[in-house]
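# Coordinates in review
Spelled out from the first residue to the last, the chains are:
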Amino acid sequence: MSGKKKKILIFLIMPLVMIIVVVLSLLSESKKTQQAREEEQSTEATLSKEEEINQMLLAEYQKSQSTREFVEQSTEVVQELSEDDEEYDDMIGNAEEDAPEVYYDGDLSDDDEAIIAQAEKEAWSSRDAVNYNGIEVVSSMNQVQTNGEWVLTLTDAEINAKHPLFLQYDSRWATYPYGTGTMKSSACGPTSFAMVITALTDITNASPPLVATYSMNHNYYVKGCGTSHALFTVGCSDFGLYCNEITNNESDMKAHIDNNEMLVLSVHYGNFTHSGAGHFIVIYGYNENGFMVNDPGSYERSCKYWPYDVIAGDINKIYALGKL
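This write-up is about the structure you can find in this document. (Residues numbered from 1 in each chain as written. Predicted model: local features only at pLDDT ≥ 70, side-chain atom pairs only at ≥ 80, totals over all residues. Heavy atoms only, no water.)

Broken down by element type, the protein carries nine helices and twelve strands. Scored against the burial criterion, the 324 residues of the protein give a buried share of 45%. Contacts spanning at least 24 positions in sequence make up 65% of the contacts within the protein whose residues lie at least 6 apart. Put simply, the protein shows about 16800 Å² of open surface, and 52% of that area lies on carbon and sulfur atoms. (Helix = DSSP H or I, 4+ residues; strand = E, 2+ residues; numbered from the N terminus. Buried < 20%, exposed > 50% of the residue type's maximum accessible area, 1.4 Å probe, protein only. Contact = heavy atoms within 4.5 Å. Areas by Shrake-Rupley, 256 points an atom, 1.4 Å probe, with all protein chains shown as cover.)

Spelled out as structure tokens, the structure:
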């Protein structure tokens, strides 16, 4: 091919190549814009859904308050359960001396023991956040002035925590009615569920008393028995979560945690409760020392590692919950 023909060919092809490049660039940019728009719409839909759930929880509370006012006007005020009542969990509050000791894998030096003791002491006084030996505990109890009234909201520290610890006996809601008792005496189920909802979603109104109200309004509280397991297995969908019962197997438990799920355990008389009615706890992580527990009935038990061999015999059922 002569040089003249080559120049003519190049002259004809170059504009075509440039046009193709521009078109491809525009198509790529359009695709990116569309993807960004779809992601934005998805985020807005998610936020909208979670805002709907926040409003639902407030509406459940308003409904319960109007009903409760009628009940209090027409019947005797509900009394707090005592240790002799079937549903009472006597491992709440001041029964820590009855709890078995749990040790870390491997021997701890006196210095390590002192560090842990000091961390627990500081955690008790601040009730905000403490992190030692890989356990991070966030609980805002005693930082909120209740003035003798219920506080139904959570603090920013709790809302933003990866796995906040909510306690039944927290002064913000300890005396809030639940079933025939109170949050302190009977609401380990809703309190555990509130921890899971807050940790796994962006829902901000899932405080223990509001989740307890939801539980009562939807008949997940069963008089004489306590909280039905259906609160987790059925109620989960109302909060954008799924729930599956899994085996009492260490590998299975760890696999579900690795899948960004949290475990709710139904446990019987043993390390976590001395009540025949049983108890609910949450497991959110593990390492070589054992599982990390958020126990709604005890701050201390939530600041320890729990080897599988120690807790295996306590377990009735395990539910793995994750975000849909």
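Within this structure, the stated rule accounts for twelve aromatic pairs. Their ring planes at 70° and their centres at 4.9 Å tell us that W150 and Y176 sit as a pair that is edge-to-face. Highlighted residues: W150 in the loop between β2 (135–138) and α3 (156–160) and Y176 in the loop between α3 and β3 (177–178), separated in sequence by 26 residues. Note on W150: relative accessible area 33%, which makes it partly exposed. Pairing F166 with W173 gives two aromatic rings, centres 6.4 Å apart and planes at 80°, and the pair type is edge-to-face. Residue F166 is classed as buried on the basis of its relative accessible area of 0%. Take W173: its relative accessible area is 0%, and that puts it in the buried class. (Phe/Tyr/Trp six-rings, centres within 6.5 Å; stacked < 30°, edge-to-face > 60°.)

Another point: the nonpolar core. Counting residues in each nonpolar core, the largest one holds 49 residues, and the members touching the most others are L57, F193, V196, I197, F239, L241 and L321. For this core, the leading source of residues is helix α5 (residues 188–200), giving seven residues. Setting aside residues no more than four positions away along its own chain, V196 makes contact with L241, M262, V264, V282 and L321. In this structure, M253, V267, Y308 and I315 belong to the second largest nonpolar core, which totals 18 residues. (Core = buried A, V, L, I, M, F, W, Y, C linked by side-chain atoms within 4.5 Å.)

As a further point, take unusual backbone geometry. Phi at N219 takes a positive value of approximately 65°, unusual for a residue other than glycine. For N219, the position within the fold is in the loop between α6 (208–217) and β5 (221–222). For N260, which is not glycine, the phi torsion reads 65° and is therefore positive. Residue position: N260 is located in the loop between α8 (250–258) and β8 (262–267).

Within the secondary structure, E261 is located in the loop between α8 and β8. A residue is classified by how much of its surface remains accessible, and E261, at 5% relative accessible area, is buried. Sequence-wise, E261 and A320 are 59 residues apart; in three dimensions their C-alpha atoms are separated by 6.1 Å. If sequence neighbours within four positions are ignored, E261 has contacts with Y242, H256, A320, L321 and G322. A polar contact of 2.5 Å, which involves the side chain of E261, links it to the side chain of Y242. Polar side-chain contacts of E261 include one of 2.5 Å to the side chain of H256. (Polar contact = N/O pair within 3.5 Å; in protein donor to acceptor, adjacent residues only side chain to side chain.)

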